[in-house]
Amino acid sequence: MAIPLVSVIMPSFNSGKHIEESVESVLAQDLENWELIIVDGGSSDNTLALILKKTKISKKIKLVKSKKDYGPAHARSVGIEHSKGKYIAFLDADDT
């Protein structure tokens, strides 16, 4: 029996300090049927460059960009709209 897709939603805003480690924690999971949707709220630091670097490593990592930061609740809602998984998990950009 196939494991259903799990969508991991990650809000991001100026998260350059921790986002690589957070993404790596998803990549290190035993579960293989997942997608990571990072919703960035117009970061002005190096966050976007770091995310784009990770999207080149895995097609499971998707970036949704916003011009303005509307907060993590809004970013989670946007992430859910873009998700394809049967299950949803939330991970903040500074969590592992």
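Relevant structure appears above.
These notes cover the structure that comes with them.

Rules used in this analysis
Every residue gets a number counted from 1 within its own chain, in the order that chain's sequence is written. Given that the model is predicted, a residue must reach a pLDDT of at least 70 before its local features are reported, and side-chain atom pairs must reach 80 or more before they are shown or counted; all residues, however, enter totals for whole chains, interfaces and linings. Each side-chain value is derived from all of the structure's non-hydrogen atoms; neither hydrogens nor water enter the calculation. With a 1.4 Å probe rolled over the protein chains alone, any residue whose accessible area is under 20% of its type maximum counts as buried; one over 50% counts as exposed, and the rest are partly exposed. A run of H or I in DSSP counts as a helix once it spans at least four residues, and a run of E counts as a strand once it spans at least two, with each numbered from the N terminus. The arc in question is the one spanned by the directions pointing from the helix axis to the C-beta atoms. Only heavy atoms matter for contacts: two residues are in contact if any of them lie within 4.5 Å across the pair. Each reported salt bridge corresponds to a side-chain nitrogen of Lys or Arg within 4 Å of a carboxyl oxygen of Asp or Glu.

With that out of the way, let us pick up helix α3 (residues 72–82). Note that an α-helix has 3.6 residues per turn; residues three or four places apart therefore point the same way. Those residues of α3 that fall on the buried side of the exposure criterion are Ala75, Val78 and Gly79. Seen end-on, α3 carries its buried residues on one side only, within an arc spanning 100°. What points out from α3, more than 90 degrees from its buried face, is the exposed set Ala73 and Glu81. On the buried face of α3, the contacting elements are β1 (6–12), β2 (34–40) and β3 (61–65).

With that settled, consider unusual backbone geometry. Backbone geometry at Asn14 places phi at a positive 45°, although glycine is not the residue there. With respect to the helices and strands, Asn14 occurs in the loop between β1 and α1 (19–27).

By the burial criterion, the buried members of α1 are Ile19, Ser22, Val23, Ser25 and Val26. Each buried residue of α1 lies within a common arc of 150° when the element is viewed along its axis, so the set occupies one face. In this structure, the buried residues of α1 make contact with β1, β2, α2 (47–57) and β3.

The subject of this paragraph is the pattern of salt bridges. The tally for this structure, following the rule as stated, stands at 4 salt bridges. For Lys54, the salt bridge identified is with Glu24, shortest N-O distance 2.4 Å. Placement of the pair is Lys54 in helix α2 and Glu24 in helix α1, with a sequence separation of 30 residues. On the basis of relative accessible area, Lys54 is assigned to the buried category, the value being 6%. For Arg76, the salt bridge goes to Asp92, with nearest N and O atoms at 2.7 Å. Here Arg76, found in helix α3, pairs with Asp92, found in the segment after β4 (87–90); they are 16 residues apart in sequence, far enough to count as distant. A relative accessible area of 22% means that Arg76 is categorised as partly exposed. Exposure remark for Asp92: the relative accessible area of 28% places this residue in the partly exposed category.

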